[in-house]
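Okay, here's what each chain looks like letter by letter:
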Amino acid sequence: MKLLPHEIAALVAHAVQAAQAAGDLPAFELPAIDIRPPKRPEQGDYAASVALALAKSAGMAPLEIANRIAKHVPSADFIGSVEIAPPGYINFRLSESWLKQQIETIIAEGESAFALDLGAGKRAQVEFVSANPTGPLTVGRTRGGVIGDSTARVLEAAGYEVEREYYFNNAGRQMRNLGNSLRLRYLQALGREVQLPDDDSFYQGKYLIDFANELVKEQGEALADADWQPFKDYAEKRMFEWIKTSLGRIQIRHDVFFNENSLYESGAIWQVLEELEERGYVYKAVLPEDADAEDKADNDGKGEAVWFRSTQFGDTKDRVLVKSSGEPTYTLPDIAYHANKIGRGFDLMVNILGSDHLVQAQVVKYGLMALGLDPSKVRVIINQMVLVMQDGKPVRGSTRRGIFDTLDDLVDETSPDAVRYLMLARSPDSQHTFDLDLAVKQSNDNPVYYIQNAHVRCAGIFREAAARGVSDEGADVGLLSADELRFIRKALELGEVIEVAARNLEAYRIAFYAQELAQVFHPIYDSVRALHSDVPPELQKARLRFYRAAQVVFKRVLTMMGMTAPDYM
RNA sequence: GCGCCCAUAGCUCAGUGGAUAGAGCAACGGUCUUCGGAACCGUCGGUCGGGGGUUCGAAUCCCUCUGGGCGCGCCA
């Protein structure tokens, strides 16, 4: 399918050159030509402001430049008219017959309508969620999950072959604490007297009590004398099942689960360390090289650690790769992990991270540079925190309490589609205040239903049409009027929206577009009746054809957001 | 103190240097209802946080101030 702004930009570029060749315009270098829909419909369907930008280099009034360019615009089947408007715009109107024909194009392309070749032949990987299996997914993680999966869907629409990956760590202190917490709950379930620690080392979540009861049922007292290990294994297994089920409820599924531990087992982290050392970016010391007097005073008697000289790449300070205990920090495997990803040959790698991981992402980038790898294919989307409000007060996103702050709670109280939409429909850069009371109370006024209702209405028409034995076959779309064309114009913007969303990794644009599209649709549905007895049979067919195309577009858009396209509501 | 992000209608938020800054919700008033009650139409609502600057043109780019968020571990 054509991307109209590109097509029109090509026409304008051609026109500028033709005008120069004809002596209507002086010689100058062709600037970037930006084509976009104007704000007001009376200004046409697409506008070029290039004449304004050229005023200086051409030494003429913008309106005159626009006039001379417009004169040379070649004809094209999709262009209806070209007009100029003060102070120097060139406005394009699409051909009505061409627009009507797009109805057939959309129907013919069906589920792949508006597919782009931006990423054709390219492989992309999106890594998201990546929560360690210590507890149920929180609302905060849900935002990253929705952004990640939606980004993956947008990239697929743009033509990429996309892999979804989940990076996790099932070793370390937190997992040991989890195992130990389950062990204590298990002993409790056996009726033993146990002391529960009240510090952060103990996971208080109710889910561990459930796991403990399951374990008693399965194993009886067999584990009564076991250490934390088998409990950690069991908790991890059940936690992952839970996480996958939760994600599945909102249509999220990962292709690859990558265990951080495999980087230890394969020796990859030590290879990375060696490589960094050979390249001179590593040193052993008690304190970083640039430590000031205060740091030195702070030194609390630790031994020598292995440092990464990240300051050479602009970091504010050097980072520890291996603690004085000999144990690597999180940074080293993280660098190794990204080196691994790059080694897998993706053309594009996207990381979805919370804002608290920003610095870590930068350090990883420096690490890749130090390894001589190109970090430009790794792109990071930082999403700001979700502040959960309940009863007008913030709810702490703590895994330990588990009161109405998990993905499951959110889905239970609203719906999978509402969660997908609400989490997507804002820029990742904006802090998201998620008012749970409002989300529950206002679920009926939610834009998600407004958008889905457009699809439902189309489906309803075809149910009724089938009941009456009316079909849209052999329709003459030429009979359609300005109302329907308004929708087709908006529908054709989808390609442009996907392009921008894919290029800039801004999946949320689909959500806003969907709302706009529904807003154009509903008034038309209100006035353009297909099956009313006043409507002549030929017009009836044409209108049915229109609604069929509308249904295709809404289904496409909803699917791209991981939402359902219901036939009933 | 330093780094990154944010500040636009009463609320939640869009806005890729271009024409008169938009939408939803809320509020108020209407219309529909033979495929529609999660619908449609209208009204109200703005010093784009403040101040400088760049530009033919700034909500958008730069500087600065104010106010919020997140980070600034030999945690992950």
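Just so we're clear, the structure is a prediction, and the values are computed from it rather than from any experiment.

S.K.: Let's hear about the overall build of chain A: which residues, and what values?
M.R.: Each helix and strand counted, chain A has 20 helices and 15 strands in total. In terms of overall dimensions, chain A has a C-alpha envelope of 80 × 65 × 45 Å along the principal axes. Burial status across chain A gives 51% buried among its 569 residues. Nonlocal contacts in chain A, meaning residues at least 24 apart in sequence, comprise 74% of its contacts between residues at least 6 apart. Summed over its atoms, the accessible surface of chain A is roughly 26,200 Å², and 47% of this surface lies on carbon and sulfur atoms.

S.K.: Residue-level account of the pattern of salt bridges, with values.
M.R.: Side chains bearing opposite charge may pair, as long as their charged atoms lie close to each other. Applying the stated criterion across every chain, the model contains 35 salt bridges. A salt bridge links Arg344 to Glu165; the nearest nitrogen and oxygen atoms lie 2.8 Å apart. Taken as a pair, Arg344 in the loop between helix H12 (331-343) and strand S11 (348-354) and Glu165 in strand S6 (residues 161-168) lie far apart in primary sequence, 179 residues in all. The partner of Lys232 in a salt bridge is Asp233, and the shortest N-O contact between them spans 3.7 Å. A network of salt bridges, in which partner residues are shared, links Asp149, Arg153, Glu156, Arg164 and Arg420.

S.K.: Could you give an account of the sheet that holds strand S8 (residues 282-285), with specific residues and numbers?
M.R.: Read from one edge of the open sheet, three strands run S8-S9-S10, paired in antiparallel fashion. Each edge of the open sheet is held by one strand with a lone partner, namely S8 and strand S10 (319-322). Each adjacent strand pair in this sheet contributes to an overall mean axis angle of 45°, direction not counted. Pairing of strand S9 (residues 305-308) with S10, which is carried by three bridges, proceeds in the antiparallel orientation. Note that in S10 the partner of Val306 across the bridge is Val322. Across the face of the sheet, helix H13 (residues 358-370) comes into contact with S9 and S10 while running at roughly 80° to S9.

S.K.: How would you explain the protein's contact with RNA strand B if you had to name every residue and give the values?
M.R.: Every one of the 68 residues lining RNA strand B counts as a neighbour, but Arg40, Lys56, Tyr89, Tyr450 and His532 are closest to it. Within 4 Å of the protein, the contacting atoms of RNA strand B are 60% sugar and phosphate, with bases supplying the remainder. The contact in question runs from a sugar or linking oxygen of RNA strand B to an N or O atom on the side chain of Arg426, over 3.0 Å. A distance of 2.8 Å separates a base nitrogen of RNA strand B from a polar side-chain atom of Gln431.

S.K.: Give me the nonpolar core: which residues, what numbers.
M.R.: Ranked by size, the top nonpolar core spans 145 residues in total, and within it Val12, Ile69, Leu155, Phe487, Tyr547 and Met561 carry the most contacts. Top contributing element to this core by residue count: helix H20 (residues 537-560), with twelve residues. If near-sequence neighbours (up to four positions away) are discounted, Leu155 is found in contact with Ala124, Val126, Tyr160, Val162, Leu348, Val350, Ala502 and Leu505. Counting residues in each nonpolar core, the second largest holds 29 residues, with Ile269, Val306, Ala336 and Val378 among its members.

S.K.: So what about the sheet that holds strand S2 (residues 46-48)? Which residues, and what values?
M.R.: Read from one edge to the other, the open sheet built from four strands follows the order S1-S2-S4-S3, with strand pairing classed as antiparallel. Taken across any chain shown, the strands that pair with only one partner, and hence form the sheet edges, are strand S1 (35-36) and strand S3 (79-85). Judged from the three bridges that link them, S2 and strand S4 (residues 89-94) form a sheet pairing that is antiparallel. Bridging from a neighbouring strand, Tyr46 pairs with Phe92 of S4.

S.K.: So what's going on with the packing of helix H17 (residues 447-468) against H20? Residues and values would help.
M.R.: Put simply, H17 and H20 touch, their axes get as near as 9 Å, and they point 140° apart. Between H17 and H20, the crossing angle belongs to the class labelled oblique. Relative to H20, H17 is oriented so that their crossing is left-handed. Within the contact between the two elements, H17 uses Ile451, Gln452, Ala454, His455, Cys458, Ala459, Ile461, Phe462 and Ala465 and H20 uses Leu544, Tyr547, Arg548, Ala550, Gln551, Phe554, Lys555 and Leu558.

S.K.: Give me the packing of aromatic side chains: which residues, what numbers.
M.R.: Here the structure, examined in full by the defined rule, presents 25 aromatic pairs. For the ring pair Tyr207 and Trp242, a centre distance of 5.6 Å and an interplane angle of 70° mean the geometry is edge-to-face. Placement of the pair is Tyr207 in helix H7 (residues 206-219) and Trp242 in helix H8 (residues 228-249), with a sequence separation of 35 residues. Tyr207 sits in the buried class, given a relative accessible area of 7%. On the basis of relative accessibility, which here comes to 26%, the residue Trp242 falls in the partly exposed class. Pairing Phe240 with Phe257 gives two aromatic rings, centres 5.8 Å apart and planes at 90°, and the pair type is edge-to-face.

So, how was this worked out
- Residues numbered from 1 in each chain as written.
- Chains lettered and ligands numbered in written order.
- Predicted model: local features only at pLDDT ≥ 70, side-chain atom pairs only at ≥ 80, totals over all residues.
- Heavy atoms only, no water.
- Helix = DSSP H or I, 4+ residues; strand = E, 2+ residues; numbered from the N terminus.
- Buried < 20%, exposed > 50% of the residue type's maximum accessible area, 1.4 Å probe, protein only.
- Contact = heavy atoms within 4.5 Å.
- Areas by Shrake-Rupley, 256 points an atom, 1.4 Å probe, with all protein chains shown as cover.
- Salt bridge = Lys/Arg side-chain N within 4 Å of Asp/Glu carboxyl O.
- Pairing = 2+ DSSP bridges.
- Axes fitted to C-alpha atoms, helices over the stretch in contact; angles between N-to-C directions.
- Near = heavy atom within 4 Å.
- Polar contact = N/O pair within 3.5 Å; in protein donor to acceptor, adjacent residues only side chain to side chain.
- Core = buried A, V, L, I, M, F, W, Y, C linked by side-chain atoms within 4.5 Å.
- Parallel < 35°, antiparallel > 145°, perpendicular 65-115°, else oblique.
- Left-handed = near helix turned anticlockwise from the far one by under 90°.
- Phe/Tyr/Trp six-rings, centres within 6.5 Å; stacked < 30°, edge-to-face > 60°.

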